Amino acid sequence: MATQMIRRPLLIATVVGLIMGDLTTGLMIGATLEVMWMGIGNVGAYSAPDMITGTAIGTALGISSGGVATAVALAVPTSLLAQQLLVLYKSGIIALNPIAKGMAEEGDFDKLFRINYLPMVIVFLIRAVPTFLAIFLGAAVIDQVVNALPEVVVNGLNAAGKIIPAVGIGLLMQMMIKKAELWAFLICGFALAVYLGLSVLAITLISLPMAILYDMAAQAKEASKAAAAAAPGPDNTEEGGYDL
């Protein structure tokens, strides 16, 4: 899970902004795309839009040509295109399974280890080549392509850019409130934002120690239950469960 976090839009856009000399815009774009794709992920056989490619291309071209709105408008279609390429890639590498199985049966683990390099190179090219071409051709060419799109398509992308953040937050909330006690945190955050007018950073700094204390209390409760179950007593003796 930790390695997945370095592939999030917030970090990718920040690095791209740092490289291009506009860290502020990179952070703004990254925060926007992070909220937009917060609840999106691969579930089962479903492949989510490729946030890595979409963020890299959208941030680079957004910084060079128009800011956050342009970045979001470019990130969505490029992530969907990369998604289709990744689906083709995942479907194609299935052919390596019989080869890997034969190596495993023969006990040739060195070759079995090296065969993993091929998928790594392919997935690198799937992301690197479109990103390079988009940035090499420049924002002007991308703008021409975007301007050539029908108005109904552009309007649809703009609407999607406004709806998707709400969907992402909704998915995140759906996971968060599965436990009844987590409703208290939701209500607390809402009150801090609406009635006290605190910023996201202030709410985060207040919520962090509360979350740590909650986790410590939950772990202590589980440990207490485990200790009670393991401790000898009337119900835990050898004859405790029987009416002799």
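Above this note sits the structure.
1. Observations concerning the side chain of D50
In this structure, D50 sits in the loop between α3 (23-36) and α4 (51-65). Of the polar contacts made by the side chain of D50, one reaches the side chain of R127; its length is 3.1 Å. Setting aside its immediate chain neighbours within four residues, D50 contacts S79, A82, Q83, L86 and R127.

2. Overview of the packing of aromatic side chains
Scanning all chains against the criterion turns up 3 aromatic pairs. Geometrically, the ring pair formed by F113 and Y117 is edge-to-face, given 5.9 Å between the ring centres and 85° between the ring planes. Judged by relative accessible area, which is 55%, F113 ranks as exposed. In this structure Y117 comes out as partly exposed when scored by relative accessible area, which is 45%. Relative to Y214, the ring of F185 lies with its centre 5.4 Å away and its plane at 80°, an arrangement referred to as edge-to-face. One end of the pair, F185, is in helix α10 (residues 183-194); the other, Y214, is in helix α11 (residues 200-230), and 29 residues separate them in sequence.

Criteria and thresholds
- Residues numbered from 1 in each chain as written.
- Predicted model: local features only at pLDDT ≥ 70, side-chain atom pairs only at ≥ 80, totals over all residues.
- Heavy atoms only, no water.
- Helix = DSSP H or I, 4+ residues; strand = E, 2+ residues; numbered from the N terminus.
- Polar contact = N/O pair within 3.5 Å; in protein donor to acceptor, adjacent residues only side chain to side chain.
- Contact = heavy atoms within 4.5 Å.
- Phe/Tyr/Trp six-rings, centres within 6.5 Å; stacked < 30°, edge-to-face > 60°.
- Buried < 20%, exposed > 50% of the residue type's maximum accessible area, 1.4 Å probe, protein only.

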